[in-house]
Amino acid sequence: MADDAAKLVADIGGRLHQQARPTKDFLIKSLRQAASALLELEQKASLEPAIKPLSASFVKHGLLQNKDKDVKLLVAICCSEIIRVMAPEPPFDDKELREIFELFVSMFAEISNTTSPYFSRRVKILETFAKYNFCMLMLDIDCNALVLEMFKTFFSVSREHHQQSVVKAILSIMTVILKEKVSQPLLDVILQNLLKEGKGATASPSRIAVSVIQNCAEELEPFVCGFLTSCILDRDAVVNDLKEFYHEIIFEIFQCAPQMLLAVIPNLTQELLTDQVDVRIKAVNLIGKLFSLPEHHVVQEYRQLFVEFLKRFSDKSTEVRVSALQCAKPCYMANSSGTEALEILNAVEGRLLDFDDRVRVQAVTVVCDLVKSNLKLLQPELISRATERLRDKKISVRKKALQKLLEVYRDYCSKCAESYMAITDHFEQIPPQNMELVLVEDLFPATLSVEERTRHWISFFLLFTPLHAKALNSILSQKRRLQTEMQIYLTLRKKEKGLILGVLLCEDGENVAEEMQKRIQASFVKMSASFPDSSKAEECFHKLNQMKDNSIFKALAQLLDEVTLTSAEITRDKFLKVIGERHPHFEFLQSLSKKCLFNIFSSDHVRYILEHISSNRVGDKHLEVSAVDLLLVIISIFPSLLKGSEKLFQMLLFKEDIPCQEKLIQVLAKAGPHISIKLSFNVSGVLAKVMIDIYPSLERICLEGNRAQSKFAVSAIAALAGTSEQFVFSELCKALVDSLHGGQNIPTVLQSLGCMAQHSLSAFEARDKEITSFINETYFQVEPLDYLASFDETSECSSSCKLKIYALKALVKSFLPHRGAHVKRQIHDLLNMISEMLQKGNISYDTGSCENDKAHVRLAAGKSVLRLAGRWDLHISPHIFRSTILVAKDSSPLIRRLFLDKTHKLLKEHAIPSRYACAFVLAGPDCPKDLQEDSLKYMAEFIKEYHKEAQVRQASVMQGGTITDYPAYMVVFLIHVLAHDTNFPTCHDEEIFAQFCSPLFLTLQVLVNASFVDGAMDLDNDAISCVFGIFRAIKRAEDAVDAQKTLNLHILADIGISILKALNTSGISMSNTPDKILLPSSLYRISSAKKSEEVNSTGLTGSTFDDHFLMRLVPVFKSNLSLPSTALPKRGRKCQDSSHLDAIKSKTLNLASSREVASSTNGTIMDKGSSLHGNTHKAVMQEISTGGSRKRPVSPTVHRSVRLHDECCIDSIHKIDKGTNSEPSLGKGQLSSSCGSATVRPLTESQISTKKIVLPHTASLKANGTAKESSSITTKPSKSSRSKSKDPCSLVEIVKDGEVLIGQRIKLWSPIDKCFYSVTVDGFNSQNNTHKVAYDNGAVEALCLASEKWETISHGSLSKTVKLAHKSNGFHTQKQSSKMAYCSTETSPLSGLEETVVADGDEASQQQENFQNKERKISIDSTNPGPGNILLCVKGKHGQKVSVDTLESELVNMNEIAVVRRSQRRKT
């Protein structure tokens, strides 16, 4: 066979050689035969003669360069076989061999086409080439360029689907060549293809490159190391294009042949230290990927590199730190055990507090990804640190943290539901850190059951701080307000549709429709406040109102009624599906339906909470307490959610081992009106079998429980009693009094009595004398037997002292009833007792108390005054006020602390007048440092908040703000307190005066230091000028309480002016002071004529000290007292712009109109006393000028009447008329007693004229009485008023006579917002016994006041408004358009009074012109011995009606109105 094949080859070669120009067909036929024959030949040198003709013919006919594909393929096959047979000496010279190898390479280039019919033959050539190492011949004849081309060809034609023999042949050829000879060009080709993976190319070239590197690692290492080292150390010197990708090359080589880079990897440390940021970034990314290789243990082998890598987490470049963080997770996952893992986590944790928000975002992402990868094993502290980023200052960080932590929390909830892991605090702390999570629909996985959700709620509610609880309460309250307003709107819409049909039948149909539209608009405004873009939401509500598709409104109403979560979600999904995504308002309706939904809490949540508490399945008392607290929060906002779970709740309520039982009782009190647990009675009034027998248990708690439980038990009884409230509390009062006499559980019984008095005043007053006398005889007149021998910071008072305090609290509560009930009893006895406690720490006959008990009694008395001040401040005498404020200087730091904390709390709630803020500076520098800093902090908060609200009121003409609204006005009361201090210095010693006046210096320092209140005040313009005006006014006034203290007042005023000048470092002019300063007439009065004559030309009295003493005094102040640095808050925002401040200043400082009537010049006011029951009480209406000049007139829109605020001394009230009703008959629109004042302005003798007016007993003028300008107007009490005066009317009687409230201002309690709102009663519907009330923001509502909690603005009594008309130079009473209610007493504040009218003008004609053509104010000096003087305001032009209001209402309600305004702003 071999011989035949050789012969055939020789024959074919001979025939082919003989042809001069062989045809294609002949060539193809001959070459096919030759190829087949050559395949049969073995490798023998003896076959050269047979093969020589064929090889010679290839050269002769140029077949090696033939272009025909068939010919080329057959020639290549024949050549490959000839070289195989004749190896190692092929019958070709070097030139011919080069041409043959070029032919081979061209064949290799076609291997990529696996579908070609020639593919198998080309593969055969490749395999033969590889098997017999033809490449060695290429190297022998120096075909380096062709070798390089062949390498490129192999990489380019390699495909994933190539058979293994092809890849193997290619690798064999390349390996042989590299083993024999390595060159940089060949290496470059290999490295280039090494990087092709991931760049859109196939993976086959990269795999071939990897295999080649692995096979030839030893030979390639020098070249690779040299190239990479050059790139690392001196990249600019490298001319290779691959130098831009050397980091990727290192990583790829390290994965396949790490031993090649032993000398390269350590050099990467240099790149981590280079100044080039882009190089450091690439190095960090490379090293991070190297450390992420799980099986190479790079971290352990290159420890120094790892240490330097960790330092890049704190690199100075943000981009480098971000890159390091991006590498953290894979690094940690590859090295999850050992110290390296902890080091990585610590480095990541440190970046959570990075100064750059981009780094913090990346750090949060990395931490959350790490936590998700292993919820069990990761450090729990790490998630805590990441959770803190929910409060980051940058919104981008908070947003990313919210997103990633939500993912973590949902995974955690799913694992808990699968019992993979237990509930842990580290994950439950996520929701409390950002209350926005509460509003997120996907806080929990969609498949998580309500029961599981409730478990998590209980767990993370345990971690809530008071701030978190407050935030949650705000969120739920906002949701509740929207739901309530939506219900109101849907009801109004129904009524509106009905009005359209009946509008023609109704005479005032148009007015009714317009009123309906106003109410709907008000609802839209309130609901829009719950949306991020309120203006856009309001616009959408209007569009919604125009829709005619009633199915939308029915669906919304159904959503509001559905209290179960599952049903509500189904209803919402159906609703959204019906309207469809193509609906023009789909997004708005989607958001609105979500807000109407009970998606945060539902009745299902409440049921599961109750089951959790009753089953005690966990046994953790803390979780039980958390469950009860959460239940209380939910029911406080959504009381109806308890409906349906009454039986379970009742079983739980009186279970013995349930923690916080008083909170469960509080839940009952909140939900009482909304659930089926009711107290029922039979017709005979005897307590009958109730639906759920709960009253006996509540009564038992009132008698036998603790004080907290009894308080809530009384509230629960009030909530459940309904219409039987009077009978229930009468029975309860009887049981409590019996228990009181029996001496059983006295603290609880006293608490129950006080709380009961607040809910049912009539039941308490029925046995008031019995209760009060028993308390006085039993607890206030007994000798203490168990007092403590010593007193320290932690010791409590004795048992007898505690009982005394509890008794005092009960009596105080009896004067603070709920729902605006009118107290018929006198309060002066209680105030006298409190006054004695404040002075002595006991009652006069109680001489056995120790200092510890006395301190606690003083504290209790001081707190009692604070509680009473919100309602009875008009009755609190200056002496009691001073004694109360001085509790802040008590010898016990503990007492100081408790008193200041209470004062701060009440001031923050606007529950007491602002003058009580004096207590903060009286604590003094002698108290502990922490208490001093807290008092300064309280002072700063007070100044900041009250100043902001005063500016808002001052900016609004309708609000009628005055200088008394500003916190700087507290100086008026502070100086009076200091002036009456028994330790007032009597010598001219700077140190003594500096020590004594330190509260004044501290107050002024805080007021003029804008940074102290976080830059919230323009103190340069407001405080300095205002306080300076106060000091000047005080120097013109006398002490109304004790004239001998006037000198002290003037001394303090001089010192204050000196301090103010020293603190005025900005050089602000003090000439621009307010024209008038209002001083409280209970503390100050106008100086006598003798004093007035001493006023110098500048308007100031002579200085008590010489200038040298005052100059020496101020430096002593500064050296002895300075604000602690820890008490100074950082400036939070810039001060308001000057234009705004100018507007504020013009309204703040210019309090009087340029067109006001002029004043007297002799500094005196003509007044006459009036007699009442044989006693005379004088109170002067004061106007004292500060001497400041008006810079510009007040805007005509500003109220031009001058308010002359007045207080009377309560001591004299008590002495004069103890039969007078304790609560005054008050009018509307007046100020609080802290702002009660005497107007301060100059009077000249030539300008004064007087008119005598005698006002009637009922505060109204006779309709038929006409007074001439120069005559007196005398009226007498009407018979009807005298007949009614013996029985003061109560609120119950007022409500029964519904029309009497029309036109009155009342405070209406909002159970949702937990505050009072000021409203005006506009109408009364006798058919359904409802009143129409109008809120200050325009909202109108119809309510049954008999079932609401409300108070009159005058605290329990109504004042009739007398409207006066100017006609024929006289005043006439005008019949009011709406019926006004008032309560008269036997001794009316106006009974038998002669009033002096101080008018302006030099002549009667001038006075008449003022009356006819200008807005004006007439001040009436009342010598009324009652609770206060009368303020007669006349405002308007000729023929306009004006009103007379009593001053007491103004004195009482200023702070309460501030609360209402603040609540209204929050509500709207």
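Residues numbered from 1 in each chain as written. Predicted model: local features only at pLDDT ≥ 70, side-chain atom pairs only at ≥ 80, totals over all residues. Heavy atoms only, no water.

Visitor: I'd like a rundown of the overall build of the chain, residues and numbers included.
Guide: The number of helices and strands found in the chain is 63 helices and 18 strands. When the 1468 residues of the chain are sorted by exposure, 57% land in the buried category. Residue pairs at least 24 apart in sequence account for 75% of intrachain contacts in the chain once pairs closer than 6 positions are excluded. Here the chain has roughly 61400 Å² of accessible surface; of this, 51% comes from carbon and sulfur atoms. (Helix = DSSP H or I, 4+ residues; strand = E, 2+ residues; numbered from the N terminus. Buried < 20%, exposed > 50% of the residue type's maximum accessible area, 1.4 Å probe, protein only. Contact = heavy atoms within 4.5 Å. Areas by Shrake-Rupley, 256 points an atom, 1.4 Å probe, with all protein chains shown as cover.)

Visitor: Describe in detail the side chain of Glu-990, supporting the description with residues and values.
Guide: Here Glu-990 is to be found in helix 52 (residues 990-996). The residues touching Glu-990, leaving out its near neighbours within four places in the chain, are Phe-1109, Arg-1112, Leu-1113 and Val-1116.

Visitor: Let's hear about the sheet that holds strand 9 (residues 1315-1325): which residues, and what values?
Guide: Pairing in this open sheet of 5 strands is antiparallel, and the strands run 11-10-9-8-12 from one edge to the other. Each edge of the sheet is formed by a strand with only one pairing partner; in this case those strands are strand 11 (1340-1343) and strand 12 (1350-1352). Each neighbouring strand pair of the sheet contributes to a mean axis angle of 40 degrees, computed without reference to strand direction. Inspection of the sheet shows strand 10 (residues 1330-1335) paired to strand 11 by 4 bridges, in the antiparallel sense. Residue pairing in the sheet places Ala-1334 in a bridge with Val-1340 of strand 11. (Pairing = 2+ DSSP bridges. Axes fitted to C-alpha atoms, helices over the stretch in contact; angles between N-to-C directions.)

Visitor: Please give an account of the pattern of salt bridges that cites residues and values.
Guide: For the structure on display, the rule yields 39 salt bridges. Between Arg-767 and Glu-770 there is a salt bridge, and its shortest N-O distance comes to 3.0 Å. The exposure class assigned to Glu-770 is partly exposed, which follows from its relative accessible area of 30%. Salt bridges here are not isolated pairs; linked through shared partners, they connect Arg-280, Glu-308, Lys-311, Arg-312 and Asp-315. (Salt bridge = Lys/Arg side-chain N within 4 Å of Asp/Glu carboxyl O.)

Visitor: I'd like a description of the packing of helix 2 (residues 24-39) against helix 4 (residues 69-86), backed by residues and values.
Guide: Two elements in contact, helix 2 and helix 4, have axes separated by 9 Å at closest approach and are oriented at 30 degrees. In terms of their interaxial angle, helix 2 and helix 4 are classed as roughly parallel. Handedness of the helix 2/helix 4 crossing: left-handed. Touching Ile-28, Leu-31, Arg-32, Ala-34, Ala-35, Leu-38 and Leu-39 of helix 2 are Asp-70, Val-71, Leu-74, Val-75, Ile-77, Cys-78, Glu-81, Ile-82, Arg-84 and Val-85, all from helix 4. For the contact of helix 2 with helix 4, the residue count by class is 13 nonpolar, no polar and 4 charged. (Parallel < 35°, antiparallel > 145°, perpendicular 65-115°, else oblique. Left-handed = near helix turned anticlockwise from the far one by under 90°. Nonpolar A, V, L, I, M, F, W, Y, C, P; charged D, E, K, R; others polar.)

Visitor: Give me the lowdown on unusual backbone geometry, citing residues and values where you can.
Guide: Residue Pro-88 is bonded to the preceding Ala-87 through a cis peptide linkage, with omega at 10 degrees. One non-glycine residue, Asn-133, adopts positive backbone phi at about 50 degrees. Tracing the backbone shows Asn-133 in the loop between helix 6 (119-131) and helix 7 (134-140). Judged by its relative accessible area of 33%, Asn-133 falls in the partly exposed class. Phi is positive for Asp-142, which is not a glycine, with a value near 60 degrees.

Visitor: Account for the environment of His-456, naming residues and giving values.
Guide: Among the structural elements, His-456 can be located in helix 27 (residues 450-461). The class for His-456 is buried, based on a relative accessible area of 0%. C-alpha of His-456 to C-alpha of Thr-424: the two residues are 32 residues apart in sequence and 9.7 Å apart in space. With residues near it in sequence (within four places) discarded, His-456 still touches Tyr-409, Tyr-412, Cys-413, Cys-416, Ile-423, Glu-428, Phe-444 and Leu-448.

Visitor: Go over the packing of aromatic side chains, please, and point to the residues and values.
Guide: A full pass over the atoms with the stated rule returns 34 aromatic pairs. Centre to centre, the rings of Phe-461 and Phe-464 are 4.9 Å apart; their planes meet at 40 degrees, and the pair counts as tilted. There is no split in this pair, since Phe-461 and Phe-464 are both buried. Here Phe-541 and Phe-588 contribute two aromatic rings whose centre-to-centre distance is 5.0 Å and whose plane-to-plane angle is 90 degrees, an arrangement assigned as edge-to-face. Pair noted here: Phe-541 is in helix 30 (residues 534-546) and Phe-588 is in helix 33 (residues 586-596), with a separation of 47 residues, a long-range link. (Phe/Tyr/Trp six-rings, centres within 6.5 Å; stacked < 30°, edge-to-face > 60°.)

Visitor: Can you break down the nonpolar core residue by residue, with the values?
Guide: Phe-101, Phe-104, Phe-129, Ile-250, Leu-668, Leu-830 and Leu-868 are the most contacted members of the largest nonpolar core, which has 358 residues in total. Considering each element in turn, this core owes the most residues, 12 residues, to helix 4. Other than its neighbours up to four places away in sequence, Leu-668 contacts Phe-649, Leu-653, Ile-675, Ile-677, Ile-694, Leu-698, Ala-716 and Leu-720. Core analysis: the next-biggest nonpolar cluster, separate from the first, contains 31 residues, Leu-490, Ile-520, Cys-540 and Met-547 among them. (Core = buried A, V, L, I, M, F, W, Y, C linked by side-chain atoms within 4.5 Å.)

Visitor: With reference to specific residues and values, describe the pairing of strand 8 (residues 1305-1310).
Guide: By the bridge criterion, 6 bridges tie strand 8 to strand 9 in an arrangement that is antiparallel. In the strand pairing of strand 9, Leu-1308 is matched with Tyr-1317. Two elements, strand 8 and strand 12, share 3 bridges in a ladder whose sense is antiparallel. Looking at the pairing, Lys-1307 lines up with Glu-1351 of strand 12.

Visitor: I'd like to hear about the state of the cysteines, residue by residue, with values.
Guide: This structure, assessed with the given rule, holds 0 disulfides. No disulfide involves Cys-413; its nearest neighbouring cysteine sulfur is the one of Cys-416, lying 6.4 Å away. (Disulfide = S-S within 2.5 Å.)

Visitor: So what about helix 47 (residues 878-885)? Which residues, and what values?
Guide: Most of helix 47 sits inside the fold, with 7 of its 8 residues counted as buried. Of the residues making up helix 47, those classed as buried are Pro-878, Ile-880, Phe-881, Arg-882, Ser-883, Thr-884 and Ile-885. Buried residues along helix 47 sit in contact with helix 45 (828-840), helix 46 (851-872), helix 48 (893-908), helix 49 (918-922) and helix 51 (970-979).

Visitor: Provide a residue-level description of the side chain of Thr-884, including the pertinent values.
Guide: Residue position: Thr-884 is located in helix 47. Within polar-contact distance, the side chain of Thr-884 engages the backbone oxygen of Ile-880 at 2.8 Å. Discounting chain neighbours no more than four positions away, the residues touching Thr-884 are Leu-838, Gly-862, Val-865, Leu-866, Phe-899 and Tyr-916. (Polar contact = N/O pair within 3.5 Å; in protein donor to acceptor, adjacent residues only side chain to side chain.)

Visitor: Outline the packing of helix 53 (residues 998-1008) against helix 55 (residues 1046-1063), supporting the account with residue identities and numerical values.
Guide: In contact at an axis separation of 10 Å, helix 53 and helix 55 are set at 35 degrees when each is read in the N-to-C sense. The interaxial crossing formed by helix 53 with helix 55 has right-handed handedness. Facing helix 53, whose interface residues are Leu-1000, Phe-1001, Leu-1004, Gln-1005 and Val-1008, helix 55 presents Leu-1052, Gly-1056, Ile-1059, Leu-1060 and Leu-1063. Taken together, the residues that form the contact of helix 53 with helix 55 break down as 8 nonpolar, 2 polar and no charged.

Visitor: How would you explain helix 48 if you had to name every residue and give the values?
Guide: The end-to-end C-alpha distance of helix 48, which contains 16 residues, comes to 22 Å, matching closely the 22 Å that a straight helix rising 1.5 Å per residue would cover. If you check which residues of helix 48 are buried, you get Leu-894, Ile-895, Arg-896, Arg-897, Phe-899, Leu-900, Lys-902, Thr-903, His-904, Leu-906 and Leu-907. Downstream of helix 48 by one or two residues, His-910 has phi in the positive range, about 55 degrees. (Expected span 1.5 Å × (residues − 1).)

Visitor: Any chance you could break down the environment of Thr-202 for me, citing the residues and the numbers?
Guide: Topologically, Thr-202 is positioned in the loop between helix 10 (184-194) and helix 11 (203-215). Between the C-alpha atom of Thr-202 and that of Arg-159, which follows or precedes it by 43 residues, the distance is 7.1 Å. Those residues in contact with Thr-202, other than ones at most four positions away along the chain, are Ser-158 and Glu-160.

Visitor: Break down the environment of Leu-195 for me, citing the residues and quoting the values.
Guide: Looking at the element boundaries, Leu-195 is found in the loop between helix 10 and helix 11. With sequence-adjacent residues up to four places away left out, Leu-195 is seen in contact with Phe-245, Glu-248, Ile-249 and Glu-252.

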